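Topology and contacts: notes
Here are the chains, one letter per residue:
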Amino acid sequence: MLSTSARLLRLASLLQSRRHWAGAALAAELGVDARTVRRDVDRLRELGYPVEASSGVGGGYALGRGAELPPLMLDDDEAVTLALALRAASANVGGLEDAALALLAKLDQLMPARLRRRSSALHAVTLSLRTGPPLVDAGLLQTLATACRDCRTLAFAYSNHTGEPSQRRVEPLRLANFGRRWYLIAWDQDRDDWRSFRVDRVHAPRLGSAFPPRAVPADVAARLERGIAYAPFACRVTLRVPGTVAELEAALPLWCGILECESATHSLLRVGADSPDALIAQILMLGRPAELVECSEPLPALQQLLARTASMLQTAAPRRPVDGGAASTVPQRAREDRNAPSAVHLPRCD
């Protein structure tokens, strides 16, 4: 039988792992009788755990919400997951650095050696490349999340993708994460329609009055994807691509555009870009045959861009073989140093 202290820790962990526990089930897990469970629950309450009890059919125990956060019990996988998530979140969301480091220090101190090695392995072997500052602040995300949860209107200043400022009054619905960026999905009161907003372009949000929640549109995810990858751009093109949506989603990167089913053998791909040059580059990077269906740009202008690219490649100096004798373009010093100790080679990015 467990000691009283060990049993209390086990009871706290069990209550945190499930919303509701029947008294008999807790007693069976702990190997004690119902009376001992009641005494242990009272001891947990004295330690600050807000344990709620109910009687009758379906009665039992549940961990409620108190005025202070009680000690949290984590199993091995939960502790490692929390450490990894803290490291990742602090790199992408501003304002979390100090709190994340403090919490990681607490976890590192409490973790046994086997878990400490697991949680620190990813951090120890990861190179930090230049990614720029965090794209969104934690305080801003908390404000928007509170407005979504409590159905409170929001007023804020907003700058669209061209930098044009505006004032918005919205009824927030959801926050969505796409890579390192966050988006707010909301009903725009002035435009009388659903809109998506990049959170890093939201400034000085102000919570307003409560509003009755609207029904979540069935195509909310499709609306967001269209608002991110297609709708904001001035240059747009629609392509017919061989393959089903499922096949193309597995083969094409997420940023390439919006896929829509057209038939059993072909899909429509809607691509947007800030300029005709970027549009052509994005189409070429698809690396697969496609048929033009619709285009916002004059075709002669796009054809001139392609002709300019072809001309540039035609005028480029041909690359000659290194071992081609006197005709080789490799400098003499480089040829002489071929047998010298080689420098460190950078890995190829596949």
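In what follows, the structure referred to is the one given above.
1. Structural notes on the overall build of the protein chain
On a plain count of helices and strands, the protein chain comes out with 12 helices and 13 strands. Here the protein chain, with 350 residues, has 30% of them falling under the buried criterion. For the protein chain, long-range pairs separated by at least 24 residues make up 59% of all intrachain contacts whose partners lie at least 6 apart in sequence.

2. Some points on the pairing of strand β1 (residues 51-54)
On a regular strand, one side chain projects to one face of the sheet and the next to the other, so that they alternate. Bridge count between β1 and strand β2 (residues 60-63): four bridges; the pairing is antiparallel. Among the inter-strand pairings, Glu52 is bridged to a residue of β2, identified as Ala62.

3. Side note on the sheet that holds strand β10 (residues 235-242)
Read across the sheet, four strands follow the order β11-β12-β10-β13 without closing on themselves; strand pairing throughout is antiparallel. Here the strands that pair on one side only, and so sit at the sheet edges, are β11 (258-261) and β13 (291-295). Between one strand and the next, the sheet's axes are offset by a mean angle of 25°, whatever the strand orientation. With four bridges connecting them, β11 and strand β12 (residues 266-273) associate as antiparallel partners. Looking at β12, one finds that Cys261 is bridged to Ser267.

4. Brief notes about the state of the cysteines
In total, this model carries zero disulfides according to the counting rule given. Looking at Cys151, it has no disulfide partner, and the nearest cysteine sulfur is the one in Cys148, 8.7 Å off. In this structure Cys295 is not part of a disulfide, and its nearest cysteine sulfur, from Cys235, lies 8.2 Å away.

5. Observations concerning the pattern of salt bridges
Applying the stated criterion to the full structure yields 15 salt bridges. Residue Arg169 pairs with Asp190 through a salt bridge whose shortest N-O separation is 2.6 Å. Taken as a pair, Arg169 in strand β6 (residues 165-178) and Asp190 in the loop between β7 (181-188) and β8 (193-198) lie far apart in primary sequence, 21 residues in all. A relative accessible area of 43% means that Asp190 is categorised as partly exposed. With its nearest N and O atoms 3.2 Å apart, the salt bridge here joins Glu291 to Arg240. In this pair, Glu291 sits in strand β13 while Arg240 sits in strand β10, placing the two residues 51 residues apart along the sequence. Given a relative accessible area of 22%, Arg240 falls into the partly exposed group. Each of the salt bridges in this network shares a partner with another, and the network as a whole consists of Arg7, Asp40 and Arg43.

6. What to know about the sheet that holds β6
Within a sheet, adjacent strands bond to each other through the backbone by hydrogen bonds, running parallel or antiparallel. With antiparallel pairing, the five strands of this open sheet are ordered in space as β8-β7-β6-β5-β9. Looking at the sheet topology across the chains shown, the edges are occupied by β8 and β9 (202-210). Each neighbouring strand pair of the sheet contributes to a mean axis angle of 45°, computed without reference to strand direction. Sheet topology places strand β5 (residues 152-159) next to β9; five bridges connect them, and they run antiparallel. What sits directly across from Ala157, in β9, is His203. Sitting on the sheet, helix α7 (residues 138-150) touches β5, β6, β7 and β9, and the angle it makes with β6 is about 85°.

7. Here's the deal with the nonpolar core
With 17 residues, the main nonpolar core has Leu154, Phe156, Leu184, Phe197 and Val199 as its most contacted residues. When contributions to this core are tallied by element, the ones reaching two or more residues are α7, β5 and β7. Discounting residues that sit within four places of it in the chain, Leu184 has contacts with Leu144, Cys148, Leu154, Phe156, Pro172, Arg174, Leu175, Arg195, Ser196, Phe197 and Val199.

8. Let's talk about the packing of helix α1 (residues 4-17) against helix α3 (residues 34-46)
The interhelical angle for the contact between α1 and α3, taken along N-to-C directions, is 80°, at an axis separation of 10 Å. Here α1 lies roughly perpendicular to α3, going by the angle between them. Taken together, the residues of α3 that come into contact with α1 (itself represented by Thr4, Arg7, Leu8, Leu11, Ala12 and Leu15) are Thr36, Asp40, Val41, Arg43 and Leu44. Across the contact of α1 with α3, the residue classes break down as six nonpolar, two polar and three charged.

9. A word on α1
The terminal C-alpha atoms of α1 lie 20 Å apart, and with 14 residues this matches the ideal 20 Å at 1.5 Å per residue to within 8%. Residues of α1 that are buried include every one of Arg7, Leu8, Leu11, Ala12, Leu14 and Leu15, and no others. Seen from one end, α1 has its buried residues packed into an arc of 165°, which puts them on one side. Residues of α1 that are exposed and angled more than 90 degrees away from the buried face: Ser5 and Ser17. On its buried side, α1 packs onto α2 (23-30), α3, β1 and β2.

About the cut-offs
- Residues numbered from 1 in each chain as written.
- Predicted model: local features only at pLDDT ≥ 70, side-chain atom pairs only at ≥ 80, totals over all residues.
- Heavy atoms only, no water.
- Helix = DSSP H or I, 4+ residues; strand = E, 2+ residues; numbered from the N terminus.
- Buried < 20%, exposed > 50% of the residue type's maximum accessible area, 1.4 Å probe, protein only.
- Contact = heavy atoms within 4.5 Å.
- Pairing = 2+ DSSP bridges.
- Axes fitted to C-alpha atoms, helices over the stretch in contact; angles between N-to-C directions.
- Disulfide = S-S within 2.5 Å.
- Salt bridge = Lys/Arg side-chain N within 4 Å of Asp/Glu carboxyl O.
- Core = buried A, V, L, I, M, F, W, Y, C linked by side-chain atoms within 4.5 Å.
- Parallel < 35°, antiparallel > 145°, perpendicular 65-115°, else oblique.
- Nonpolar A, V, L, I, M, F, W, Y, C, P; charged D, E, K, R; others polar.
- Expected span 1.5 Å × (residues − 1).
- Arc of directions from axis to C-beta.

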